[in-house]
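Fold and contact review
Okay, here's what each chain looks like letter by letter:
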Amino acid sequence: MRSHFSLNSAAVTACAVSGATTMLSGICSAQSFIAADYATNSTYAGGWSAGQNGGFGFNSWSFGGTTGSAVQQGINNSSSFNHLGTAWTLFNPLGTPAGTDLAQAGRGFAPLQVGQTFETVINNPTARNFYRGYTIRLASGTDNSAVERFAAYTFEYFSNGRWFTGTGTGNNSTSLFDTDTAAAGMRLDFTLTGADSYHLSMTPLANPANAYTENGTLKNSGPVDYVLFQLYDAQSDPTKATDFYVSSITISSIPEPSSLGLLGLGSAGFLFMRRRK
């Protein structure tokens, strides 16, 4: 990846207006994608099945660990509860109270390195059932053998729709509820900041100003090299928000500040440097 000076003029102007702080946030940064896949990729035009890989940098999709009904995943772009457009979709045909379905989708990737960010955009259900919920897990391993290192989840025993994180220091209560992140979806960004530390942001797309952030330590041990989306909530119902939608997963890296040479200059300094290229 060349320096940020390879950005086109429109991107340069946008970043300059936002300033250096926005650049650091990753919105206008010169980030380099290490892995990326989107539900809109043509690979999924006919549906979502095990073994598919429509992007790059990730291993193929696996539904290992899924239990209950024969089919618990697909592609959705029409539900009134899906605000993301075309999305990979997990659902439970025989969820509570009729059964105990678990819909699970996972993918491996090269071990996350310090400074790299895993990002996903999801739209969660709001139908709640006792002792049920859904989880985004970053782990070491594969499928049911994966050792969890971090999780963002809801669990209807103590959460009442609140998002929690599972970390090396226990289960942490966030400021976000399922209704916050279901209104238009949520972007989750997880950046590895050390061998066993991370920075997290969970941004409700309907109200980005209410983003939740935390810095923490990872649980257990091993590389972060697997992502699992798990849905063990309510029985799927087209008239209710019961399904779990994922529109994208990416891993990116942002150049070190020293390589940019622009931090602290602000937007004016950025434009000045751009013009001198």
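Computed from a predicted structure; not experimentally measured.

Here is what the cut-offs are and how they apply
Residues numbered from 1 in each chain as written. Predicted model: local features only at pLDDT ≥ 70, side-chain atom pairs only at ≥ 80, totals over all residues. Heavy atoms only, no water. Pairing = 2+ DSSP bridges. Helix = DSSP H or I, 4+ residues; strand = E, 2+ residues; numbered from the N terminus. Axes fitted to C-alpha atoms, helices over the stretch in contact; angles between N-to-C directions. Polar contact = N/O pair within 3.5 Å; in protein donor to acceptor, adjacent residues only side chain to side chain. Contact = heavy atoms within 4.5 Å. Buried < 20%, exposed > 50% of the residue type's maximum accessible area, 1.4 Å probe, protein only. Phe/Tyr/Trp six-rings, centres within 6.5 Å; stacked < 30°, edge-to-face > 60°. Core = buried A, V, L, I, M, F, W, Y, C linked by side-chain atoms within 4.5 Å. Patch = residues over 30% accessible without salt bridge, like charges linked within 9 Å, V, L, I, M, F, W, Y side chains within 5 Å. Areas by Shrake-Rupley, 256 points an atom, 1.4 Å probe, with all protein chains shown as cover. Salt bridge = Lys/Arg side-chain N within 4 Å of Asp/Glu carboxyl O. pLDDT = per-residue confidence, 0-100.

Bringing the sheet that holds strand S6 (residues 133-140) into the picture now. Across a sheet, paired strands are connected by hydrogen bonds in the backbone, their directions being either parallel or antiparallel. Taken in spatial order, the six strands of this open sheet run S4-S13-S6-S7-S8-S9, and their pairing is antiparallel. For this open sheet the edge positions go to strand S4 (103-108) and strand S9 (170-177), each flanked by a neighbour on one side alone. On average, each strand axis in the sheet is tilted by 15° relative to the strand beside it, whichever way the strands run. Relative to S9, strand S8 (residues 162-167) runs antiparallel, the two being bridged by five bridges. The residue of S9 that forms the bridge with phenylalanine 164 is serine 173.

Take unusual backbone geometry next. Even without glycine at this site, tyrosine 131 takes up a positive phi of about 65°. Within the secondary structure layout, tyrosine 131 lies in the loop between strand S5 (116-123) and S6. Look at asparagine 220: it is not a glycine, yet its phi comes out positive at around 55°. With respect to the helices and strands, the residue asparagine 220 is situated in the loop between strand S12 (212-217) and strand S13 (226-231).

Okay, the side chain of threonine 191 next. When you line up the elements, threonine 191 lands in strand S10 (residues 186-194). Separated by 2.6 Å, the side chains of threonine 191 and threonine 117 make a polar contact. Sequence-distant contacts of threonine 191, that is, excluding residues within four places in its chain, are made with Gly115, Gln116, Thr117, Ser197, Tyr198 and His199.

Now for the pairing of strand S3 (residues 87-90). Here S3 shows no split at all, with Ala87 and Thr89 on one side and Trp88 and Leu90 on the other all buried. With four bridges connecting them, strand S2 (residues 73-76) and S3 associate as antiparallel partners. Its bridge partner lying in S3, glycine 74 is registered against threonine 89.

All told, the structure shown has 19 aromatic pairs when counted by the stated rule. Ring geometry for tryptophan 48 and phenylalanine 63: centres 5.0 Å apart, planes at 90°, overall edge-to-face. With tryptophan 48 in the loop between strand S1 (32-38) and S2 and phenylalanine 63 in the loop between S1 and S2, this residue pair connects regions lying 15 residues apart in the sequence. Each of the two residues, tryptophan 48 as well as phenylalanine 63, counts as buried. Residues phenylalanine 130 and tyrosine 157 carry aromatic rings whose centres are separated by 6.0 Å and whose planes lie at 55° to one another, so their mutual orientation is tilted.

Trp163, Phe190, Met202, Phe229 and Phe244 are the most contacted members of the largest nonpolar core, which totals 39 residues. Every residue in contact with methionine 202, bar those within four places of it in the chain, is listed here: Ala152, Trp163, Thr174, Leu176, Met186, Arg187, Leu188, Ala211 and Tyr212. Leu102, Tyr153, Phe155 and Phe164 belong to the second largest nonpolar core, which has six residues in total.

A word on a nonpolar patch on the surface. Nonpolar side chains collect at one region of the surface, where Phe130, Tyr131, Tyr157 and Phe158 lie side by side and expose about 500 Å² of accessible area between them. Relative accessible area serves as the criterion here: at 48%, tyrosine 131 is assigned to the partly exposed category.

What follows is about the confidence of the model for the protein. Residues with a pLDDT of 70 or more make up 81% of the protein, whose mean pLDDT is 84. Confidence drops under pLDDT 50 across residues 1-29; counting only partners more than four residues distant or on other chains, this segment forms 37 contacts.

This next bit is on the pattern of salt bridges. A side chain of one charge can pair with a side chain of the opposite charge when the charged atoms of the two come close. By the definition in use, this model includes seven salt bridges. Between aspartate 178 and arginine 128 there is a salt bridge; the shortest N-O distance is 2.7 Å. Pair noted here: aspartate 178 is in helix H3 (residues 178-182) and arginine 128 is in the loop between S5 and S6, with a separation of 50 residues, a long-range link. For arginine 128, a relative accessible area of 42% translates into the label partly exposed. Among the salt bridges present, the one from lysine 219 reaches glutamate 148, with a minimum N-O distance of 2.9 Å. Of this pair, lysine 219 sits in the loop between S12 and S13 while glutamate 148 sits in strand S7 (residues 147-155); the two residues are 71 residues apart in sequence, bridging distant segments of the chain. Several salt bridges converge on common partners, so that one network encompasses Glu119, Arg187 and Asp189.

Position of asparagine 77 relative to the elements: it lies in the loop between S2 and S3. As a C-alpha pair, asparagine 77 and tryptophan 88 span 11 residues in sequence and 9.1 Å in three-dimensional space. Setting aside residues up to four positions removed in sequence, asparagine 77 forms contacts with Asn82, Gly85 and Thr86.

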